[in-house]
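# Architecture and fold: a report
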Amino acid sequence: MFYRLLLVCALLMGLSACVLPRNGPPPPGTEADIAALTRAISGLSPNVDPAEAARAAQITYRHTHELAIAYQITDPPLIHNVKVNNGSKPRGLCWHWAEDLEKRLLAEGFATLDMHRAIANGDTRLLIDHSTAIISAAGAPMQAGIVLDPWRQSGVLFWSPVMSDPRYDWEPREEVLRRNGRVRYVQAGMED
């Protein structure tokens, strides 16, 4: 285990020497980006309020950009992860993005949209597990939603229907954590 971790760290450090950092945070989403996500969210169900879909899309892009600035994103995701883990950057691991984006969208109190959390690669020792937030029509399962993943492209929002994600197979976060014995049971009203 120690040698595997050492090998991964050495590989990441080697890669960081080959990748030039940006001169600042990634650019914010464009009006066309926001409009495309609005259409996708609206298309989740005829019951989705178009105004809520537009607000969710706008907030998702705006908050992604705000988080990229707060997290001091200038590197590719895995390099940034190393910096977070060694304490030189404040936040920006995939689960930070998922948690902070989910919290912001939940604060809107949408009536026709639900938020979910998901994990991919949760059962493999070869790949690092990856967390994301998913938005769906109210009452719909996570698999019928849209992945909202700002981590994957270093603060540039990636989104896709869950079932069409070209890179990850998503599972509900709670199921993965329970299966892997990583759920902590605490007092009612507190997060795990």
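In what follows, the accompanying structure is described. Predicted, not measured: the structure shown is a model, and the values here were computed from it. Here the residue numbering is sequential within each chain, running from 1 through the sequence in written order. This being a predicted model, a pLDDT of at least 70 is required before a residue's local features are given, and a value of 80 or more before pairs of side-chain atoms are given or counted; all residues contribute to the totals for chains, interfaces and linings. Computation of side-chain values covers all heavy atoms of the structure but excludes hydrogens and water.

## Structural notes on unusual backbone geometry
Worth spelling out the cut-off: Numbering of helices and strands runs from the N terminus; a helix is a DSSP stretch of H or I covering at least four residues, while a strand is a stretch of E covering at least two. Accessibility here uses a 1.4 Å probe with only protein chains present; expressed as a share of the type maximum, an area under 20% marks a residue as buried, one over 50% as exposed, and anything in between as partly exposed.
Even without glycine at this site, Q72 takes up a positive phi of about 60°. Relative to the helices and strands, Q72 is located in the loop between α3 (50-70) and α4 (77-85). On the basis of relative accessible area, Q72 is assigned to the partly exposed category, the value being 40%. For S154, which is not a glycine, the phi torsion comes out positive at approximately 55°. Position of S154 among the secondary structure elements: in the loop between β3 (146-149) and β4 (158-161).

## Concerning the packing of α3 against helix α5 (residues 94-106)
Two quantities define a packed helix pair, namely the angle between the helix axes and the distance between the axes. This is how the line gets drawn: Interaxial angles span 0 to 180 degrees and are taken between N-to-C directions of axes, which are lines fitted to C-alpha atoms, for helices over the stretch in contact. Angles are sorted into four bins: roughly parallel if under 35 degrees, roughly antiparallel if over 145, roughly perpendicular if 65 to 115, and oblique for all others. In this scheme the crossing of two helices becomes right-handed for a clockwise turn of the near helix relative to the far one and left-handed for an anticlockwise turn of less than a right angle. Contacts are assigned to residue pairs that have any heavy atoms within 4.5 Å of one another. Three classes are used, and their members are as follows: Ala, Val, Leu, Ile, Met, Phe, Trp, Tyr, Cys and Pro are nonpolar, Asp, Glu, Lys and Arg are charged, and the others, Gly among them, are polar.
Viewed as axis vectors pointing N to C, α3 and α5 meet at an angle of 140°, and their least axial separation amounts to 10 Å. When the interaxial angle is binned, α3 and α5 end up oblique. Crossing of α3 against α5: the hand is right-handed. In this structure, α3 contributes A56, I59, T60, R62, H63, T64, L67 and A68 to the contact, and α5 contributes W97, D100, L101, R104 and L105. Counted by class, the contact of α3 with α5 contains seven nonpolar, three polar and three charged residues.

## Some words on the environment of K89
Counted only if it meets this: Identification of polar contacts relies on pairs of N or O atoms within 3.5 Å, with a donor-acceptor requirement for protein atoms, meaning one able to donate a hydrogen and the other able to accept it, and with residues adjacent in sequence counted only if both atoms are side-chain atoms.
Looking at where K89 falls in the secondary structure, it is placed in the loop between α4 and α5. Considered as a pair, K89 and Y71 are 18 residues apart in the sequence and their alpha carbons are 6.8 Å apart. Apart from residues no more than four positions distant in its own chain, K89 is found in contact with Y71, Q72, T74, H80, K83 and V84. Here the side chain of K89 touches Q72 through a polar contact of 2.8 Å, landing on its backbone oxygen.

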